[in-house]
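For reference, the chains in residue letters:
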Amino acid sequence: MKLLLDSSSSLLFSVLLAQLPLLTSALPAHPRRHPPTHADLDKLTNQTRHLQKLTHDLISDQEFDSVIDHHRFKSLPAISSRANDLSSLELKPTLSQLHADLKSFEHHFEWLNKVTRKHHHSSAPKLGEMISHIKSLITSLHRQMMRVEAPRISVPSPSLPPPPSFHWEMDQSSQELLQKFRLFCDWAARAFLSLKSKMQA
Amino acid sequence: MPGLVSCPGGLIVIGILTLFFVHINSEIWSNEVSDIQFGSLGSNVTLICGGVQHGSLVHWRQNGSSVRFRQPHTSSSTLVLLNTTHSMEGNYSCHNQRGVLLQTIRLRLGYPPGYLGVSCQVPNHFKIQCSWTQRVTTYLPTKYIASYSMNDERPQPCEQELIDVNKCTISNPEFWKPKYLVNITEVNPLGSNSTITFVDLAKTLKPDAPDAVTCVEVNGKPTQLLVQWDLPKSWPANPAAFPLKFEVQYRPVGSNLWSKLETEITGAMIMDALVGHLHHIRVRAQDAFINHSQWSEWSQVVQARPWSDPSLNTEETTEEFYESPIFPSTFPVKATEKSPDSSFDENGSMSLLIALGLFAAVMVAVVSAITILLWVRNRRRDNVTKQELTSMVKMKSLPI
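The rules behind these values
Residues numbered from 1 in each chain as written. Chains lettered and ligands numbered in written order. Predicted model: local features only at pLDDT ≥ 70, side-chain atom pairs only at ≥ 80, totals over all residues. UniProt positions renumbered as here; feature names shortened; annotations may be inferred. Axes fitted to C-alpha atoms, helices over the stretch in contact; angles between N-to-C directions. Helix = DSSP H or I, 4+ residues; strand = E, 2+ residues; numbered from the N terminus. Parallel < 35°, antiparallel > 145°, perpendicular 65-115°, else oblique. Left-handed = near helix turned anticlockwise from the far one by under 90°. Contact = placed C-beta atoms within 7 Å. Nonpolar A, V, L, I, M, F, W, Y, C, P; charged D, E, K, R; others polar. Expected span 1.5 Å × (residues − 1). Buried ≥ 20, exposed ≤ 12 C-beta atoms within 10 Å, placed from the backbone. Pairing = 2+ DSSP bridges.

Per an unreviewed UniProt entry, chain B is named Fibronectin type-III domain-containing protein, and its organism is Pygocentrus nattereri. The annotation that UniProt attaches to chain B under Sequence similarities (unreviewed entry) is "Belongs to the type I cytokine receptor family. Type 3 subfamily."

Looking up chain A in an unreviewed UniProt entry gives the name Interleukin 11a, with the organism given as Pygocentrus nattereri.

Now the structure itself:
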């Protein structure tokens, strides 16, 4: 009897041991946490610079490159940072903030794209191309956030202006959005470069 | 007393006292001035003699002399200056009937503040410098209040280091804000006026010119030059987040056309330098991310000549010989330490030009020689003919 008990317990133990790899593989997988490489940050920088160039071209294409003296978009991200701040950026909060800001710009550009198509504006195809590049950058950024477990900041739904009735209203909205996005891209590209140089140090 | 005069300290004291009294004598008029009054040029200005009983008659003087200007509306104690001009400025005094001085007024005339010419420079992401000039000279003591605001936020001071230098600095600005307004308010005794200027920081960003540009030959490479430079001194020392792009321009001395290269590092290799020729090289910079920012001014031009084989130094003629056909008007006549002969075979067009030049020279020489020979021959023939004719004449004249 004792022998039987011993043998059954050892059998049970063996069975459990055999099941262990299966059990562990069934648990939800956590991605391995490691910081982005230089190449990852270079890719983010290049994607951002490309977007900056697309934005610049779109601004140049328009009939006027005016001074923004109106604020149609109340919920656009604004960068209050100074050049000095670039040297003290931290990886995780920076990635999270840039991701949230990009999502916000994405929403705003989708709105602009919709009204531009409605007005049959010539910039509509380029806007569409730009939105797809924004989405691509958001995906790359999100991938890096997952790798370092950076928290995702919730983006409040943007407060968008009423659809423009006139062509010039749409031009003004477009200018405001594009000029602010160009500034954002400039900041973001420098932020990625700064993070990269910190990793080197 | 002799002791006092002989003592140098005493002499100094006497000197200072003398100067002091001389100064007092010359400034005695201004010392009596009790008031400064400012007036607008071209307008009517009224001076009031204070401390005078109503109805008392006073006598006005300008700089010690009776007032020359007519003042039809002058009452007993006031002086009205009509349509004022600069000649009416000065020290006015009012006196009672007995000539006793009652009051002095210094009158200064000018214009109220107008709009200013404001310009702002952004040499890097850390600094904005604005300066301003009067568009209309006001002739009056003036002070300026400089401030700036972003996106209609609360104004902040633009720091003026020296109060009498029309310049202010915004340090470490929020560079990525789209709207910067710089407000310079001019204040003088006749009023104030604000000039508000919009500054697009990205568009205005203009680095200083690259520093310490050098250019050297590359050993064994007769068509290469290595150009190197430093970042502008005012650019961030750690430029990781602030990359610059550079344009290098180069041309052989005497040529009007620049060739160019672009790079984002502080050096470049020119691969197509003209063999054996002295080159001019210059560099400028622009922020690498902001395409619509400004290019810097050009750096100082530096000179360099590509490497040439020193073993072939003594074989051929001076460089003037083969350089002159290409850039005949402005080519330098200065001989250099290296002969560019060795490089001839490497430059087909150059060799062709030289060959053509030599051929032309030979042809000219041959043609000249033939011409001279023909001329000499003709001359001889002429002499012979002359001699024959002379002898014939002589023979004719002989008696038969």
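After that view, the rundown keeps rolling.
1. Comments concerning the packing of helix α3 (residues 91-118) of chain A against helix α5 (residues 167-200) of chain A
Residue and element names in this part refer to chain A. One can describe the packing of α3 onto α5 by two numbers: an axis separation of 11 Å at closest approach and a directional angle of 160°. Taken together, α3 and α5 sit at an angle that is classed as roughly antiparallel. Crossing of α3 over α5 shows left-handed handedness. In this structure, α3 uses Leu91, Thr94, Leu98, Asp101, Phe105, His108, Phe109, Leu112, Val115 and Thr116 to contact α5, whose residues at the interface are Met170, Ser173, Ser174, Leu177, Phe181, Phe184, Ala188, Ala191 and Leu195. Within the contact of α3 with α5, the residues separate by chemical class into 13 nonpolar, five polar and one charged.

2. Considering helix α2 (residues 38-61) of chain A
Residues and elements named next belong to chain A. For α2, which comprises 24 residues, the first-to-last C-alpha distance of 34 Å matches the rise-based estimate of 34 Å (1.5 Å per residue) to within 8%. Within α2 the residues assigned to the buried category are Leu41, Leu44, Thr45, Gln47, Thr48, Leu51, Gln52, Leu54, Thr55 and Leu58. Considering only its buried residues, α2 is in contact with α4 (124-148) and α5.

3. Considerations on the UniProt feature "domain: Fibronectin type-III" (unreviewed entry) in chain B
When the UniProt feature table is mapped to this numbering, "domain: Fibronectin type-III" (unreviewed entry) covers residues 209-307 of chain B. Taken end to end, residues 209-307 of chain B has its terminal C-alpha atoms 28 Å apart, with 0% of it in helix and 48% in strand.

4. Side note on the interface of chain A and chain B
Contacts between the two partners involve 22 residues from chain A and, on the opposite side, 16 residues from chain B. For the side of chain A that touches chain B, the secondary-structure elements that each account for two or more residues are α2 and α5 of chain A. The leading source of residues in the side of chain A that touches chain B is α5 of chain A, at 10 residues. The class makeup of the residues in the side of chain A that touches chain B is nine nonpolar, eight polar and five charged.

5. Let's talk about the sheet that holds strand β4 (residues 65-66) of chain B
All names here are of chain B. Read across the sheet, five strands follow the order β1-β7-β6-β3-β4 without closing on themselves; strand pairing throughout is mixed. Every interior strand has two partners, whereas the edge strands, β1 (35-40) and β4, have only one. Looking at chain direction, strand β6 (residues 90-95) and strand β7 (residues 101-110) are connected through six bridges and run antiparallel. Residue Asn91 lies in a different strand from β7, and its bridge partner there is Arg106.

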